[in-house]
Amino acid sequence: MKILHTSDWHIGKRLADRERLPEQDAVLLEIGAICEREGVDLLIVAGDIFDTYVPSAEAEELFYRRIKEMAQGRTVVLISGNHDDGLRLCAAAPFALEHGVYLFGNKPTIAPIGKRGGTGVVEAGENYIVVENAKGERVYLNLLPYPNEARLKEEKTDESYAEKTARWIGRGEAGYRGDMPHILVAHVFVAGGSVSESERDIDLGGARAVPLSSLPEHGYVALGHLHKRQRVGKNGYYSGSILQYSFDEANAQKSVMLLETKGNDIETLREIPLTAGKKLVRLECNGVEEALSLLLRYEDCYIELTIHLDAPLTSAQTQALRECNAGLVNLIARVSAEERANVPLRSMLKADELFSLYYKSQFAAEPPPELLTAFLALVKENDETEKS
């Protein structure tokens, strides 16, 4: 049986003010094409389908349209992540089942038995299903959507989070007899995982970290939550997000994981690169002229540019940089320490000094005397009006 593992789609996520739905659409189409090309029987999505609890209508429409296409001729299994409202995601479960799509949130659910187009669920219990393909090959899935006490309607106890996670994972093992390939699908932060800037609500203090000892040693662990693809422990894999969602992921190759069952084992065949979507790049240079030249070399990218300067950027220079490349998202100006030390506090400047400083920042020249005189006359007139 061929299986594809992906996660962290974050449909609807933006980059600053940049809309990324067209890119998300393109990469979902690419994942669908990979399923067709590789003859995938089972597609696993390990959480964070959407970027917010209440996604836009456009984001939801995109998801349902593409997931319906992906399910043609195969079974699709999705769990909710910390960015998803599990109840909202699963509200469409009755309709999704008609297309071979199984949605799992935190509400206890036992999937209905049935095959469609030769593939489907042949055994099910709380937190687990057994999927069978047209050849009769089976795989056991232990399903753990993003877990916490509130989502699982549990009271707080003295039990540690690690103990609770082990117990929650244990629930999904109830139907496993060791006679078929095994996959744990979980949206959790495994201790030791590498976090990127685009992930929110990740507990770096360790209170919500799942130790490796809580994960099963057999089979394959299909993880979601962390956006950098990585391996944790012997058999745990984060497939990573489908797009570069923060600049510390610049130049990181995004991918999906292709697996295959071999007897009672899961074999990791290979990572398949994803090519859709704009690339994020971090650039650094000295001076405006070098920056303009550098920006021209990175068309159709999103850019974070750090520019080292001897003096603050003028408005005209800033505008020129942004017009040079529409993909410039973050512009970070680093003025030399010597220049910063020579800049007086604005609160200590008089009105004529403030005006001269502003004029020079805009036009790189001293203001004409007649303009400065007119400005000071307006200031004086305003002061006298306020006093009266």
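Further up the page is the structure itself.
Not measured: the values here are computed from a predicted model.

Asker: Please explain the sheet that holds strand β5 (residues 114–116) as it appears in this structure.
Answerer: Backbone-to-backbone hydrogen bonds pair the strands of a sheet. The strands run either parallel or antiparallel. The eight strands are arranged β5-β6-β7-β8-β9-β12-β14-β13 in an open sheet whose pairing can be described as mixed. Sheet topology places β5 and β13 (230–232) at the edges, where each strand pairs with a single neighbour. This sheet shows a mean twist of 25° between the axes of neighbouring strands, independent of strand direction. Across five bridges, the pairing between strand β6 (residues 119–125) and strand β7 (residues 128–132) is antiparallel. Within β7, the position partnered with Val121 by the bridge is Val131.

Asker: What is the right way to look at the environment of Gly172 in this model?
Answerer: By the secondary structure assignment, Gly172 is in the loop between α5 (161–171) and β9 (182–187). On the basis of relative accessible area, Gly172 is assigned to the buried category, the value being 0%. Between the alpha carbons of Gly172 and Thr314 there is a distance of 61 Å; along the sequence they are 142 residues apart.

Asker: Explanation requested: the packing of aromatic side chains in the structure shown.
Answerer: We describe a pair of aromatic rings using the distance from one ring centre to the other and the angle between the two ring planes. This structure, assessed with the given rule, holds eight aromatic pairs. Aromatic pair Tyr220 and Tyr237: ring centres 5.2 Å apart, planes at 10°, arrangement stacked. Here the residue Tyr220 occupies a position in strand β12 (residues 220–224), and Tyr237 occupies one in strand β14 (residues 236–238), the gap between them amounting to 17 residues. For the pair Tyr220 and Tyr237, a shared accessibility class is recorded, and that class is buried. The ring of Tyr245 has Lys13 lying over it, and the distance from NZ or CZ to the ring centre is 5.9 Å.

Asker: Hey, could you run me through the side chain of Ser7 in this one?
Answerer: Position of Ser7 relative to the elements: it lies in the loop between β1 (2–6) and α1 (21–38). A polar contact of 3.1 Å, which involves the side chain of Ser7, links it to the side chain of Ser239. Aside from chain neighbours lying at most four places away, what touches Ser7 is Val45, Ala46, Gly47, Leu223, Gly224, Ser239, Gly240, Ser241 and Ile242.

Asker: What is the right way to look at the sheet that holds strand β19 (residues 328–335) in this model?
Answerer: On the basis of which strands lie adjacent, the open sheet formed by three strands has the order β17-β18-β19 and parallel pairing. The open sheet has two edge strands with one neighbour each: β17 (279–286) and β19. Taken pair by pair, the neighbouring strands of this sheet meet at an average axis angle of 15°, ignoring direction.

Asker: What should I look at first to understand the nonpolar core in this one?
Answerer: One broad trend across soluble globular proteins is that nonpolar side chains are buried collectively. Core analysis: the biggest nonpolar cluster contains 35 residues, and Trp9, Ile11 and Phe63 have the highest contact counts within it. Mapped by element, the contributors of at least two residues to this core are α1, β2 (42–45), α2 (57–70), β3 (75–79), α3 (86–90), β4 (101–104) and β15 (255–262). Per-element tally for this core: the top contributor is α1, with six residues. Ignoring any residue separated from it by four or fewer positions in sequence, one finds Phe63 in contact with Trp9, Ile11, Ile49, Phe50, Leu78, Leu89 and Leu103. Val77, Leu143, Met257 and Leu259 belong to the second largest nonpolar core, which has 24 residues in total.

Asker: When you look at the state of the cysteines in this model, what are you seeing that I'm missing?
Answerer: Counted according to the given criterion, the structure contains zero disulfides. The thiol of Cys324 is unpaired, and the distance to the nearest cysteine sulfur, on Cys285, comes to 11 Å.

Asker: Just checking my understanding: could you explain the pattern of salt bridges for this structure?
Answerer: Pairing is possible between side chains that carry opposite charge, provided their charged atoms lie close to one another. Scanning all chains against the criterion turns up 22 salt bridges. A salt bridge links Glu159 to Arg167, with the shortest nitrogen-to-oxygen separation between them at 2.9 Å. In this structure, the salt-bridge partner of Arg177 is Asp179, at a minimum N-O distance of 3.6 Å. For Arg177, a relative accessible area of 53% translates into the label exposed. Since its relative accessible area comes to 42%, Asp179 is described here as partly exposed. Salt bridges sharing partners connect three or more residues here, namely Lys115, Glu123, Glu132, Arg138, Arg177 and Asp179.

Asker: Explain the pairing of β9 here, please?
Answerer: Successive residues of a regular strand alternate their side chains across the two faces of the sheet. In terms of burial, β9 is largely enclosed, as six of its six residues are buried. A two-sided burial pattern is seen for β9, the buried positions comprising His182, Leu184 and Ala186 on one face and Ile183, Val185 and His187 on the other. Judged from the five bridges that link them, strand β8 (residues 138–144) and β9 form a sheet pairing that is parallel. Residue pairing across strands places Leu141 opposite Ile183, the latter belonging to β9. What joins β8 to β9 is α5, and the crossover it makes is right-handed. Taken together, the five bridges between β9 and β12 define a ladder with parallel strand orientation. Its bridge partner being in β12, Val185 is matched across the sheet by Ala222.

Asker: Please clarify how the pairing of β6 should be interpreted in this entry.
Answerer: Both β5 and β6 contribute to a ladder of three bridges, which runs antiparallel. Bridging from a neighbouring strand, Lys115 pairs with Gly120 of β6. Counting the residues between successive antiparallel strands, the hairpin from β5 to β6 contains two residues, one of them, Gly117, with a positive phi of roughly 65°. Taking the residues between adjacent antiparallel strands as the criterion, β6 and β7 are bridged by two residues, where Asn127 takes a positive phi near 80°.

Reading guide: rules and limits
Residues numbered from 1 in each chain as written. Predicted model: local features only at pLDDT ≥ 70, side-chain atom pairs only at ≥ 80, totals over all residues. Heavy atoms only, no water. Pairing = 2+ DSSP bridges. Helix = DSSP H or I, 4+ residues; strand = E, 2+ residues; numbered from the N terminus. Axes fitted to C-alpha atoms, helices over the stretch in contact; angles between N-to-C directions. Buried < 20%, exposed > 50% of the residue type's maximum accessible area, 1.4 Å probe, protein only. Phe/Tyr/Trp six-rings, centres within 6.5 Å; stacked < 30°, edge-to-face > 60°. Lys NZ or Arg CZ within 6 Å of the ring centre and 35° of its normal. Polar contact = N/O pair within 3.5 Å; in protein donor to acceptor, adjacent residues only side chain to side chain. Contact = heavy atoms within 4.5 Å. Core = buried A, V, L, I, M, F, W, Y, C linked by side-chain atoms within 4.5 Å. Disulfide = S-S within 2.5 Å. Salt bridge = Lys/Arg side-chain N within 4 Å of Asp/Glu carboxyl O. Right-handed = clockwise from strand over helix to strand, strands pointing away.

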